[in-house]
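Spelled out from the first residue to the last, the chains are:
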Amino acid sequence: GDVAVLVPAAGAGVRLGPGGPKALRLLGGEPLLVHAVRRVAEAPSVATIVVAAPAADVDHVRRLLAPVAPVTVVPGGADRQQSVAAALAAVPPGPQIVLVHDAARALTPATLVELVAARVRAGHDAVIPVLPVTDTIKEVSADDVVLGTVDRSVLRAVQTPQGFRRSVLVAAHAAALDPLTDDAGLVEKSGGTVTCVPGSELALKITRPFDLMLAEHLLSGGVR
Ligand code: C5P
């Protein structure tokens, strides 16, 4: 395997309601993080997995993941970008492809991990899985008045894993000023090219209680 996967899992999960760090919330009786890491580890290209856990939960997360896959667990940071940077710093020499994958996308299939890695291996600096936007999207003012309608045919909803040539991700993080919500955004800001591949509906981000209910239904309906 020539791929390292970073899993930022240090978020508080406020939007999911009370109940502790989101990555440790249960889905089908297992923490979201366990689901995410198990599927990542099933991808044949993956040689290394580094998880950024809430600082108070590092030992707990190590014990949780030991039976799932060989992983390195590091303390995360104050925002997602800092958690990714901490995980990136812990990647051993070797892997030249680095993927960044949210623990919250717990049902992401291993085939999507392989697809993103393959496109980086084929020569793309940065690769992101995307889906078309189905809702009509409007820009609104702070007081809820519509300012305009955006042409949704040029919009895409972006998922993870996002894949990078290792040197490109390291350089993008080194140059980062403001925290962004994804790593491809850092590459864009530093003038790099980001390429899209088709995402998966199973890679939904479990953010709100409805998402968790949907994921529970998918699991009990036979999605693995
Ligand atoms: O908040 P959001 O849903 O965008 O978080 C995306 C991912 O980033 C989650 O897996 C979350 O655990 C992680 N995260 C992190 N460190 C933070 C904040 C979020 O690793 N400080």
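Heads up: these notes are all about the structure in this document. As a convention, each chain's residues are numbered from 1 in the sequence order in which they are written. With the structure being a predicted model, the display of local features is reserved for residues of pLDDT at least 70 and the display and counting of side-chain atom pairs for 80 or more, all residues being used for whole-chain, interface and lining totals. Side-chain figures throughout are based on the complete set of non-hydrogen atoms in the structure, without hydrogens or water.

Turning to the overall build of the chain, a few remarks are in order. In terms of regular secondary structure, the chain is built from seven helices and twelve strands. For a compact globule of 224 residues, the expected C-alpha radius of gyration is about 17 Å, and the chain comes in at 17 Å, within 12% of that figure. By principal-axis analysis of the C-alpha atoms, the chain measures approximately 50 × 40 × 35 Å. Residues count as neighbours in contact if any of their non-hydrogen atoms are within 4.5 Å of one another. Long-range pairs, those at least 24 residues apart, make up 70% of the contacts in the chain between residues at least 6 apart in sequence. Elements are defined by DSSP. Helices are runs of H or I of four residues or more, strands are runs of E of two residues or more, and each kind is numbered from the N terminus. A radius of gyration in this sense is built from C-alpha atoms; the matching globule rule multiplies 2.2 Å by the number of residues raised to 0.38.

With that settled, the discussion passes to the site of the ligand. As a structural note, the neighbourhood of the ligand is formed by 15 residues, with P8, A10, G11, G77 and S83 the closest of them. What qualifies as a polar contact is a pair of N or O atoms within 3.5 Å, subject to a donor-acceptor requirement within protein and to the restriction that residues adjacent in sequence count only when both atoms come from side chains. Here an oxygen atom of the ligand and a backbone polar atom of A9 are 3.2 Å apart. Note on areas: Shrake-Rupley with a 1.4 Å probe; residue coverage comes only from the protein chains shown. Relative to its unbound accessible surface of 460 Å², the ligand loses 85% to contact with the protein. Within the shell around the ligand, the residues separate by chemical class into six nonpolar, three polar and six charged. One heavy atom suffices: a residue is near a molecule or strand as soon as one of its heavy atoms comes within 4 Å of it. Three residue categories are used. Nonpolar comprises Ala, Val, Leu, Ile, Met, Phe, Trp, Tyr, Cys and Pro, charged comprises Asp, Glu, Lys and Arg, and polar comprises the others, including Gly.

Right, let's get into the pattern of salt bridges. By salt bridge we mean one thing: a side-chain nitrogen of Lys or Arg within 4 Å of a carboxyl oxygen of Asp or Glu. Using the criterion set out here, one finds eight salt bridges in the structure. A salt bridge links D183 to R80, with the shortest nitrogen-to-oxygen separation between them at 2.9 Å. Highlighted residues: D183 in helix α6 (residues 183-189) and R80 in helix α3 (residues 80-89), separated in sequence by 103 residues. Where R105 meets D102, a salt bridge forms, and the shortest distance between an N and an O atom there is 3.7 Å. Accessibility classification places R105 together with D102 in one group, the buried group. Each of R80, D102, R105 and D183 takes part in a single network of salt bridges with overlapping partners. For the exposure calls, accessible area comes from a 1.4 Å probe over protein chains only, and a residue counts as buried if that area is under 20% of its type's maximum, exposed if over 50%, partly exposed in between.

So, on to the nonpolar core. The definition of a nonpolar core used throughout is a set of buried Ala, Val, Leu, Ile, Met, Phe, Trp, Tyr and Cys residues joined through side-chain atoms within 4.5 Å. Ranked by internal contacts, the top residues of the largest apolar core, which has 32 residues, are L33, V46, I49, V51, V61 and L99. Breaking this core down by element, the ones donating at least two residues are β1 (3-8), α1 (32-41), β4 (46-53), α2 (58-65), β6 (97-100) and α4 (110-121). With six residues, α4 is the largest single contributor of residues to this core. Membership of the second largest hydrophobic core comes to 21 residues, among which are L6, V98, V130 and L169.

To continue, consider the packing of α1 against α2. Their axes nearest at 10 Å, the elements α1 and α2 cross at an angle of 50°. Put simply, α1 runs oblique to α2. Where α1 crosses over α2, the two elements pack in a sense that is right-handed. From α1, L33, V34 and V37 reach across to α2, where they touch V61, L64 and L65. Grouping the amino acids of the contact of α1 with α2 by side-chain chemistry returns six nonpolar, no polar and no charged. For helices, the fitted line uses only the C-alpha atoms of the stretch in contact; every axis is such a line through C-alpha atoms, and the angle between N-to-C directions lies from 0 to 180 degrees. Each angle is binned into one of four classes, with values under 35 degrees roughly parallel, values over 145 roughly antiparallel, values of 65 to 115 roughly perpendicular, and all other values oblique. By definition, turning the near helix anticlockwise from the far helix through less than a right angle yields a left-handed crossing, and turning it clockwise yields a right-handed one.

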